[in-house]
Amino acid sequence: NTCTGNKANLSYSPVCKGLPLLGSALEFGKNPLKFLQECRKQYGDVFTVLLPGRRMTFIFAPTQELRKIFFNGSPNLISFTAGVEPLTCRIFGISKKGFSMAHRSLLTTLRSELGAKHIPQLAHRLINRYLFTFRTVWGKEDEKEASNLLTETLSDASLRVIFGDEFANASPSLFKDFVDFDEWFELAATPLLPHFLLRPFVKSRRKLLDTISQNWKYTKNAPIHKLTEAYGNDGNVPSLLLSALWATWSNVSPTSFWTLTHILADEKAKVKVLAEVEKSCPLLLSSKTELSLEWIFSNLPFTAYCVSETLRLYASVVDIRKVVENLEFREFIIRKGDYLCISPAVSHRETTLFPQSEDFIPDRFQKQGTHPNAVFDKDLLTFGGGFYKCPGQSFAMVEIVLLIALVFYLYDIQLVDRVPKMKESQSVGIKKPSCSCRIHYLWKRRLAGMEEI
Ligand code: HEM
């Protein structure tokens, strides 16, 4: 479907009308999902959005076609590394040359370290850490803000499992500095916006990089260490590790938040989850069970469908590549130098593929009869695809499914507030909530070693 050239019957993709200099920055910045849905109605499956300093050309097509063109397109035509450069270089400070040279081996290393072979061991370590946090942070009974509570629980567990206990113990300020950094992240990625205007961002990044520089020597026995070995020591390791930390932390917390709150808001879903966890958690908590991906998904299928449904509804609004040579798509030419974009959030709302697309209906995946992880190679675009598919996909699914299952197994839990709306202005990553949401929980059973609660 794609080729280069300038055939006479082809035209350049239509450009969405905008303001001089600013283009569509204001409308896009306010609510990118709504803006793209409206553009699609007006211009069809291909259109270009102008933002200061960049042209973003969006394409829409059936999922398999998008996979072929966007995720598996020839690197001579579209580039992943040039597409993510504004993040890797501007935000994390990784050098352009260093990143593109080392990228392949980094990705292969991480995929192997977080792959199926290591999942059983990683899963047991996650569970132990969750149980520790239930004891020390959650307690027996309380009312707390759900997003903060889940973020704290997950961040601690994944940091310890991926970066190691020694690194985590030496870096107590990491979590707080990361929260500040993440808050400014999207604004800091805006092209042409000078970072000296974003002092809190610059300050939190400095602190994070200092902490990582001082402490990455303690990652020696952890999975992330292989990544630093693959990269070589050119002085940029702290920036690389900051990008890995962001990837590890940023999407998993909001996914758990939406999964938990949607289950709590839907009595039928809650009953199904409770039945499933009552049956499976005693085995899950036994050190004798080999917690393979297959075991986890076949024993907690509905919980995994709930996570998949969250990842459909709250997927990133934009996924990005850069056009290396003029590209032909349908009757249009997409210009060299444009950012080529898809919108998982818009595509996941196609009612032909997902009827009642705005509603939370986990069972829609059951009907497809697939392994919950396999939906991400088929109809869902949330983890990307092809060579650059998220290397943390299986780990992330396991991390979230296990946490949700244990929370429902160990606590009676209720929503205090309504499920919030998602943050409208966010365009990259799993959508965050627009406001806080409290939950009330009460410890419903004791486990060996947890009597002191
Ligand atoms: C719900 C959770 C997650 C989601 C939705 C997610 C999604 C993604 C997406 C969409 C990409 C880029 C693929 C593309 O543009 O085509 C990506 C890349 C990446 N993800 Fe994830 N991810 C998640 C969790 C994780 C976790 C837990 C880790 C690590 C432990 C991780 C590590 C990475 C890394 C290192 C990359 C960059 C790969 C590269 O440079 O090629 N992700 N992720």
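Residues numbered from 1 in each chain as written. Predicted model: local features only at pLDDT ≥ 70, side-chain atom pairs only at ≥ 80, totals over all residues.

(A) Quick look at helix H12 (residues 237-249). End to end, H12 covers 18 Å across 13 residues, agreeing with the expected 18 Å (1.5 Å per residue, within 8%). Every buried residue of H12 is listed here: Pro-238, Ser-239, Leu-240, Leu-241, Leu-242, Ala-244, Leu-245, Thr-248 and Trp-249. (Helix = DSSP H or I, 4+ residues; strand = E, 2+ residues; numbered from the N terminus. Expected span 1.5 Å × (residues − 1). Buried ≥ 20, exposed ≤ 12 C-beta atoms within 10 Å, placed from the backbone.)

(B) Representation of the nonpolar core. Counting 123 residues, the largest nonpolar core has Ala-123, Val-398, Val-401, Leu-402, Ala-405 and Leu-406 as its most contacted members. What Leu-406 contacts, discounting residues up to four positions off in sequence, is Tyr-130 and Cys-281. (Core = buried A, V, L, I, M, F, W, Y, C linked by C-beta atoms within 7 Å. Contact = placed C-beta atoms within 7 Å.)

(C) Broad picture of the UniProt feature "binding site: heme" (unreviewed entry) in the protein chain. In the numbering adopted here, UniProt assigns the feature "binding site: heme" (unreviewed entry) to Cys-390. Locating Cys-390 in the fold gives a position in the loop between helix H18 (363-367) and helix H19 (393-410). Not counting chain neighbours up to four residues away, the residues in contact with Cys-390 comprise Phe-383 and Gly-384. (UniProt positions renumbered as here; feature names shortened; annotations may be inferred.)

(D) Representation of the confidence of the model for the protein chain in the model. Overall, the prediction assigns the protein chain a mean pLDDT of 92, with 96% of residues at 70 or greater. For residues 1-5, every residue scores under 50 in pLDDT, and the model assigns this stretch 17 contacts once sequence neighbours within four places are set aside. In the model output, the complex is listed with pTM 0.95 alongside ipTM 0.98. (pLDDT = per-residue confidence, 0-100.)

(E) Seen up close, the pairing of strand E11 (residues 438-443). Summarising the sheet, strand E5 (residues 141-145) and E11 pair through five bridges and their orientation is antiparallel. By the bridge assignment for E11, Lys-144 is matched with Ile-439. Where strand E10 (residues 411-415) lies against E11, five bridges are found, and the strand directions are antiparallel. Opposite Tyr-411, over in E11, you have Trp-443 as the bridge partner. (Pairing = 2+ DSSP bridges.)

(F) Region of the structure containing the sheet that holds strand E3 (residues 54-59). What the five strands build is an open sheet, ordered E2-E3-E9-E6-E4; its pairing is mixed. Both edges of this open sheet fall to strand E2 (46-51) and strand E4 (78-79), since each of them pairs with a single strand only. Taken strand by strand, helix H4 (residues 80-91) contacts E4, strand E6 (319-323) and strand E9 (339-342), and its axis lies near 120° from that of E6. (Axes fitted to C-alpha atoms, helices over the stretch in contact; angles between N-to-C directions.)

(G) Highlighting H4. If you check H4, its first and last C-alpha atoms are 16 Å apart, about what 12 residues at 1.5 Å a residue would give, namely 16 Å. Among the residues of H4, Phe-80, Thr-88 and Ile-91 are the ones counted as buried. For H4, the buried positions fall inside an angular range of 95° around the axis, keeping them on one side. In the core, the buried residues of H4 are packed alongside E4, helix H5 (96-113), helix H9 (174-188), H12 and E6. Backbone geometry just after H4 places Gly-93 at a positive phi near 80°. (Arc of directions from axis to C-beta.)

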